[in-house]
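In case you want the letters, here they are:
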Amino acid sequence: MRLSEQNASFEFRPNPAGLQNCQPVSAVACGKTIIVGEHAVVYGAKAVAMPLTNLAMGVSLTPLPTRQSPVFKAMIGGRNVSDHVLGVIEDAFRVLKIRPFSLELEGSSTILVGAGLGSSASLCVVVLKAIAASVGRTLAPYELAKYGNELEKRFHGNPSGLDTAVVAYEEVVSFIKGENPVPIKVSQPTGAAKWWFAIIDSCTRSSTISMIKVAEPWFTNGDIAAKIQKFNIASEQVISGLADGDANLVKLGMQTSGDLLKQAGVVSQQLQELIDGASQAGCLAAKTTGAGGGGCVLALLDPTHPQEQLAALKDIVGASKVTAVTLP
Ligand code: PMV
C-alpha cells in the first residue's frame, strides 16, 4: 500500500476560513535511498532508487483569507521555516498554475536533513500534493516527479530528477535524466520473503551541491563514456537482480557503483569506516547513498539471515546508527 493511502492524505477537513475554492487538507511524502547511480545520473547514466516508507514528511494545509497579496506561513517540526522553504510554496503555485492563496502549513518530518535520504525531495513533493489537493486536484506520480524536480532546483541547482521521482512514485524506480521514471519489478529474493537493507548514518551532514562539485572533475575527465557505461551495467545488474530475486546480482551492482563513487571522491574516511564495518558484519555489499561526503551508507543484507547481520552490524558501528529497510 502506498504511504499516501496508509496515511489517508488528502483528507478533507472543515474549512475555517470559509473559502470557496480551496480546502484544508493534509498530505504525506516518503523518504528515499539511492541503490545505484547517484552522481552518474547527473551525467546521463541510469540510476535505481527505492522509497523509504518508514520515513515521512507530513503537512496540514489550512487556507487563510487572501486579501491583496497572498501570505504563506509555515512551520515544520514546531519551528518557522526559512524564506527558502517559503519559496517552495511560491514555486509550487507557479508550476501548478494555481492562483496563489494565503495559507498556513504545519508539518513534521522523520527524514534526516542533509543525509541523502530525500528530505528536500519529500518537502517539494508534499507541498505540491497539499496545494493541488486543496483545490481538488490529484497529481499523477509523473507530474509530481516533474514538478517536484522544478521545486528541488531551489535546493540543488540542477538536480537530475532522481530524488523527486522515487518520492513521487513511492516505488523502486529506474531513472535516466530527462525521461519519465520507470517503476521496476521487485520479486522475492531466492530463499527469503523480503529484501533487507540497512541504512547506516554517519551522523555527518553534507550539501548535495558541494558534493556534486567534488565529483565533477572525475565525471568530466578521462574516458567519460566508459565510466558512465560501468554505472549503467551496475544499474542493470541491480534491476535484473531485484526482478529475478538474485541477491548476487544486486550485490555486484552495488559494489561496482560504490567503488566508482570512491574514485569520484565522495566517500569520506568516516563513510569508508562504515562500509568496512558492514563488510565485517557480513553484509553482501555496502556503498555510500546519495551525494556522499557525509550522510548514509546503504548495505545489502543476506536476505536468508538478515537479523544476524543486523545484530552484528549494530555491534560494530553502534545500534543507533542503523535502520533496517525491507522491500517490497
Ligand atoms: O541529495 P542527495 O544526497 O539525495 O543526492 C542526490 C543525488 C545526486 O545524484 C548526487 C544528485 C542528483 O541530482 O541526482
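What counts as what
Residues numbered from 1 in each chain as written. Predicted model: local features only at pLDDT ≥ 70, side-chain atom pairs only at ≥ 80, totals over all residues. Heavy atoms only, no water. Near = heavy atom within 4 Å. Polar contact = N/O pair within 3.5 Å; in protein donor to acceptor, adjacent residues only side chain to side chain. Areas by Shrake-Rupley, 256 points an atom, 1.4 Å probe, with all protein chains shown as cover. Helix = DSSP H or I, 4+ residues; strand = E, 2+ residues; numbered from the N terminus. Buried < 20%, exposed > 50% of the residue type's maximum accessible area, 1.4 Å probe, protein only. Disulfide = S-S within 2.5 Å. Expected span 1.5 Å × (residues − 1). Domains from an automatic or database assignment. Buried area = accessible area lost by both parts, 1.4 Å probe. Salt bridge = Lys/Arg side-chain N within 4 Å of Asp/Glu carboxyl O. Nonpolar A, V, L, I, M, F, W, Y, C, P; charged D, E, K, R; others polar.

1. Comments concerning the site of the ligand
Around the ligand, a shell composed of 15 residues is seen, among which Lys32, His39, Ser160, Thr208 and Ala291 lie nearest. In this structure, an oxygen atom belonging to the ligand sits 2.5 Å away from a side-chain N or O atom of Lys32. Between the ligand and Ala291, the relevant distance is 2.8 Å, taken from an oxygen atom to a main-chain nitrogen or oxygen of the residue. About the coverage of the ligand: the protein hides 96% of its 380 Å² of free accessible area. Within the residue set of the shell around the ligand, elements represented by two or more residues are β1 (25-36) and α6 (208-219).

2. Focus: the environment of Glu216
Along the chain, Glu216 turns up in helix α6. Judged by its relative accessible area of 38%, Glu216 is partly exposed. Each C-alpha atom of the pair Glu216 and Val167 lies 25 Å from the other, and the pair is 49 residues apart in sequence.

3. Comments concerning the state of the cysteines
For the structure on display, the rule yields 0 disulfides. With no disulfide partner, Cys30 has as its closest neighbouring cysteine sulfur the one in Cys124, 13 Å distant.

4. Points about helix α7 (residues 224-244)
Relative to the 30 Å expected for 21 residues at 1.5 Å per residue, α7 spans 30 Å between its end C-alpha atoms, a close match to the ideal helical length. Here α7 has its buried residues at Lys227, Ile228, Phe231, Ala234, Ser235, Gln237, Val238, Ile239, Gly241, Leu242 and Ala243. Immediately beyond the C-terminal end of α7, within one or two residues, lies Gly245, with a positive phi of roughly 75°.

5. Brief notes about the domain arrangement of the chain
Here the domain parsing of the chain yields domain 1 (5-182) and domain 2 (185-327). For domain 1 and domain 2, the distance between their C-alpha centroids amounts to 26 Å. Carbon and sulfur atoms supply 70% of the area that domain 1 and domain 2 bury against each other, a total of about 2,600 Å² over both sides. Three residues, Ile35, His39 and Tyr43, lead the burial of domain 1 against domain 2; their summed loss comes to 26% of the area buried on that side. Counting across the domain 1 and domain 2 interface gives 2 salt bridges. The closest approach of N and O atoms between Glu236 and Lys46, which form a salt bridge, is 2.8 Å. Taken together, the links from domain 1 to domain 2 amount to 12 residue pairs in polar contact (both at pLDDT 80 or more). Elements supplying a minimum of two residues to the side of domain 1 that touches domain 2: β1, β2 (47-63) and α4 (141-156). When its residues are assigned to classes, the side of domain 1 that touches domain 2 shows 16 nonpolar, 10 polar and 2 charged.

6. Brief notes about the pattern of salt bridges
Throughout the structure, instances matching the rule amount to 9 salt bridges. With a shortest N-O distance of 3.4 Å, Lys32 and Asp163 are connected by a salt bridge. Pair noted here: Lys32 is in strand β1 and Asp163 is in helix α5 (residues 162-169), with a separation of 131 residues, a long-range link. Here the two residues Lys32 and Asp163 agree in accessibility, since each one is buried. Bridged by salt links that share partners, the residues Asp91, Arg94 and Arg154 form one connected network.

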